[in-house]
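Residue-level structural notes
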Amino acid sequence: MLKIYNTLTRSKETFTPRIAGKVGLYVCGMTVYDYCHVGHARVMVVFDTVVRYLRYLDYDVTYVRNITDIDDKIIHRANENGESIEALTARFIDAMHEDERALAVLPPDIEPRATSSIHDIIAMIEKLITNEFAYVGTNGDVFYAVDKFKNYGQLSGKNTDDLQAGERVDVDLAKRNPMDFVLWKMAKEGEPFWESPWGNGRPGWHIECSAMSTCCLGNSFDIHGGGMDLQFPHHENEIAQSEGATGEKFVNLWMHNGFVRINEEKMSKSLGNFFTVREVLKQYSPEVVRLFILSSHYRSPLNYSDEQLNSAKAKLTGFYIALRDFDYAIMKDSVNSKLTGDYNANVPYIDDTEYKTRFERAMNDDFNTPIALSVLFDVAKELNKAKKSAPEKAEALAYTLQYLGNILGLLQENPDDYFKRVVAISDSIGISDNIEVSISNPIIDKQVQERIDAKKAKNWALADQIRDELKAKNVILEDSPDGTTRWRRE
RNA sequence: GGCUGCGUAGCAAAUCGGUUAUGCAGUGGCCUGCAAAGCCAUCUAGAGCGGUUCGACUCCGCUCGCAGCCUCCA
């Protein structure tokens, strides 16, 4: 039985979809004026894992994640760059999709854009005015009257009396109440605009998500997610807007993921202490980044450091070492069925014992990926033990490892590719610069053969020298008892 | 000032009122020509002070420390 922590009630709740077997999930996506940083990667990976697991549980999931492609920052950045807004956002939308693919994040089912939803946004604002939740301010902007919505502050646990509006930001005098927020913003000279009953302008930030989520998923839906920082005011405002317009309960369950931190401080654009996904991918493989993210619970803070990334890399190498020597092609078939829908009846035996149960128990407990991963480590250990003593069992465990790994979006590579890849995955989709490969695979094979010959001649000095030279080029050799040698890149 | 959340061994990270978490790193061993990988063994815990309890890392209270939100932010 799946339990999920609901920010609205501040407790773990048994997940019960509105319609049996179906889940509507909306996640607040990116504002596309810059490259995604590791914090964005966390949202992508966390909710991708949520979706994968829900699908694994046989829910029919509709996953919606929006793109904010019009707002102040975008306008400013386009002006700075001297490029059109369309060109800027198209560029960063492409970049975002590249980052996603690299991180094995499955695309959302629907990816609505603010600029394609203007009609729905205007309709919702009109509804809010009709229902007397919104008014036109003295400057022509349309505002939401916060005091008209009785539950305002429920999600974030805030009492409007305690909020110090205007403490750090000048209160807009056009508002009736300092807490009120803008729904429709009148266009200034030179700004992009859309026609509306209130004049030429553009939507406020919060309204787009209310419009897009209810349009895609209905007035009420199951789960709404995003980063912790969106809890207030963004999600609070979404509730006020949606429920004010529809009169129906907006969302049953709110999920918020924790921040990525650097040196005990939030990674954020405004602090400037962020690493972009593509920067990180020059140094670490996407799968390492994904494993790093899933190593901590999604609601906990996640500290970004080389030490942590290196540790994730060592763990991943350990998994692939356990997985090598098995027929990858067969495993691949066995693994994909449930998540892709291409069910293969000929899949090999999948160990169906305690590991799967333990894994599911962990994931059922609010997507506890650290514990789920610890189950995978246990599988890997038993698999390594079984390799010599019980080959059939080992094979079944290898399937299990890949099968469970797939639910987390991990361990889907051919181990040979993982260890011998010359070009980073990120290169193949155009993200990063070429990673310097100081030696090609054929040359490695040749040197390894020379070393085998040297070993046969008991020329240990030469054998060691070749091994050291390869080690210097990040190629690790492993001798087997049968006289063969295999190698892997580090 | 208001409101959240957190403080676990060298590092990271969970569970749990009484039983080995797990991984990385370290140490000792097996294996190996030597390594590597793997396996076996092993050292480091639960911020501080009280309380509840037969028994608390786990529940409650207080103190200290850290982070976040109250402004755009994932």
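Residues numbered from 1 in each chain as written. Chains lettered and ligands numbered in written order. Predicted model: local features only at pLDDT ≥ 70, side-chain atom pairs only at ≥ 80, totals over all residues. Heavy atoms only, no water.

For helix α13 (residues 391–407), spanning 17 residues, the distance from its first C-alpha to its last is 25 Å, which sits close to the expected 24 Å at 1.5 Å a residue. Counted residue by residue, α13 has 13 buried out of 17 residues, so it is predominantly covered. A positive phi of about 75° marks Gly409, the residue just after α13. (Helix = DSSP H or I, 4+ residues; strand = E, 2+ residues; numbered from the N terminus. Expected span 1.5 Å × (residues − 1). Buried < 20%, exposed > 50% of the residue type's maximum accessible area, 1.4 Å probe, protein only.)

Let us now look at the packing of helix α12 (residues 369–389) against α13. Two elements in contact, α12 and α13, have axes whose closest approach is 7 Å; the angle formed by their N-to-C orientations is 160°. Between α12 and α13, the angle is such that the two are roughly antiparallel. For α12 against α13, the interelement crossing comes out left-handed. Between α12 and α13, the contacting residues are Leu376, Val379, Ala380, Glu382, Leu383, Ala386, Lys387, Lys388 and Ser389 on the first element and Pro391, Lys393, Ala394, Leu397, Ala398, Thr400, Leu401, Leu404 and Gly405 on the second. (Axes fitted to C-alpha atoms, helices over the stretch in contact; angles between N-to-C directions. Parallel < 35°, antiparallel > 145°, perpendicular 65-115°, else oblique. Left-handed = near helix turned anticlockwise from the far one by under 90°. Contact = heavy atoms within 4.5 Å.)

Glancing now at the domain arrangement of chain A. Taken domain by domain, chain A comprises domain 1 (3–277), domain 2 (306–419) and domain 3 (441–489). Three residues stand out in domain 2 for area buried against domain 3, namely Arg324, Asp325 and Phe419, and they jointly supply 83% of the buried area on that side. The interface formed by domain 2 and domain 3 holds two salt bridges in total. Across the pair Asp325 and Arg486 runs a salt bridge, and its minimum N-O distance is 2.7 Å. Tallied by class, residues from the side of domain 2 that touches domain 3 come to two nonpolar, one polar and two charged. (Domains from an automatic or database assignment. Buried area = accessible area lost by both parts, 1.4 Å probe. Salt bridge = Lys/Arg side-chain N within 4 Å of Asp/Glu carboxyl O. Nonpolar A, V, L, I, M, F, W, Y, C, P; charged D, E, K, R; others polar.)

Evaluation of the coordinates by the stated rule reveals 30 salt bridges. The residue Asp72 makes a salt bridge to Lys185 at a minimum N-O spacing of 2.9 Å. Remark: Lys185 occurs in strand β7 (residues 181–186) and Asp72 occurs in helix α2 (residues 72–81); sequence separation between them is 113 residues. On the accessibility criterion, Lys185 (23% relative accessible area) is partly exposed. Linking Arg299 and Asp366 is a salt bridge whose minimum nitrogen-to-oxygen distance equals 2.7 Å. Taken together, the positions of Arg299 in the loop between α8 (286–294) and β13 (302–303) and Asp366 in the loop between α11 (354–364) and α12 put the pair 67 residues apart, joining distant regions of the chain.

Residues Phe232 and Pro233 are joined by a peptide bond in cis, for which omega reads 0°. Within the secondary structure, Pro233 is located in helix α6 (residues 231–246). Backbone geometry places Ala104, a non-glycine residue, at a positive phi of 60°. With a relative accessible area of 30%, Ala104 lands in the partly exposed category. One non-glycine residue with positive phi stands out, namely Asp325, at about 85°. Turning to its location among the elements, Asp325 is positioned in the loop between α9 (306–323) and α10 (328–340). With a relative accessible area of 53%, Asp325 lands in the exposed category.

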